[in-house]
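# Structural features, examined
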Amino acid sequence: MSNTSMNMRGKITFYEEKNFQGRSYECMNDCPDMTSYLSKCHSCRVESGCFMVYDRNNYMGNQYFMRRGEYSDYMSMMGMRENIKSCRMIPMHRGQFRMKIYEKENFGGQSNELMDDCDNIQERYRMSDCQSCNVMDGHWLMYDQAHFRGKMMYMRPGEYRNFREMGMSGQRFMSMRRITDSCN
């Protein structure tokens, strides 16, 4: 496989122990259940691309964004309490980014369209909350605190009518960031 196509696909290697020790599992696409490959996971190396990793199977639970780099002890680096149980490769997106955010569930209340990062919806749009959205173009990360901090959620193109139904009960999203091809 050429280096160019490798960068387009993405590659992440998970290790059972800290500091890239123990058994490993190499992944180049989505994996809903890593427990069939590794009994635990304490470090990983992202060789190319960007990935979301989850502390529960089937892309559930807490989410963490990983870009190219080495994570010798990701649990202490990211404040994770659980092992990585699933991962999703984030496809590269070239072109414009567009997302419409809504103050209330089911696309209700005040709405605003974003085409770039927003570090604080309260300051920028005078919105108290974001409880639904429609991602038209690109891939985004939404954060529960302003300035791209706190818990995050990966948003692919599609309609998201109710974050609570996605397992994000009580979660408020206060900032949004585009996932650009600077991941590599």
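Data block above holds the structure.
The present account deals with the structure reproduced in this document. By convention here, each chain's residues receive numbers from 1 onward along its written sequence. For this predicted model, a pLDDT threshold of at least 70 governs which residues receive local features, and a threshold of 80 or more governs which side-chain atom pairs are given and counted, while totals over whole chains, interfaces and linings are taken from all residues. Side-chain descriptors were evaluated using all non-hydrogen atoms of the structure, hydrogens and water having been removed beforehand.

### What to know about the overall build of the chain
Per the convention used, a helix needs a DSSP run of H or I reaching at least four residues, while a strand needs a run of E reaching at least two, with both numbered from the N terminus. Of regular secondary structure, the chain possesses three helices and 14 strands. With 184 residues in all, the chain has 47% of them scored as buried. In what follows, a contact means two residues having at least one pair of non-hydrogen atoms within 4.5 Å. Long-range contacts, defined here as pairs at least 24 residues apart, represent 65% of the contacts in the chain between residues at least 6 apart. Calculation of accessible area relied on Shrake-Rupley with a 1.4 Å probe; when residues are assessed, cover is drawn exclusively from the protein chains displayed. Total accessible area on the chain stands at roughly 9200 Å², and carbon and sulfur atoms take up 40% of it. Burial here depends on accessible area, computed with a 1.4 Å probe over protein chains only, as a share of the maximum for the residue type. Under 20% is buried, over 50% is exposed, and the range in between is partly exposed.

### Some details on the sheet that holds strand β12 (residues 149-155)
By definition, two strands form a pair when at least two bridges between them are found by DSSP. The sheet built from three strands is open, its strands ordered β12-β11-β14 with antiparallel pairing. Since the sheet does not close on itself, it has two edges, and those belong to β12 and β14 (175-178), each with one partner. Recorded for the sheet is a direction-independent mean angle of 25° between the axes of neighbouring strands. Strand direction decides the pairing type here: strand β11 (residues 140-145) and β14, joined by four bridges, are antiparallel. In the sheet register, tryptophan 140 faces β14, and the bridge partner there is arginine 178. Angles shown run from 0 to 180 degrees and are taken between the N-to-C directions of axes, each axis being a line fitted to C-alpha atoms and, for helices, limited to the stretch in contact.

### Here we look at the sheet that holds strand β6 (residues 69-71)
In spatial order, the strands read β2-β1-β3-β6; together these four strands make up an open sheet with antiparallel pairing. Each edge of the sheet is formed by a strand with only one pairing partner; in this case those strands are β2 (21-27) and β6. Going across the sheet, the axis of each strand differs from the next one's by a mean of 15°, ignoring polarity. In this structure, strand β1 (residues 11-17) lies alongside β2, joined through five bridges in antiparallel fashion. Note on β2: the bridge partner recorded for isoleucine 12 is cysteine 27.

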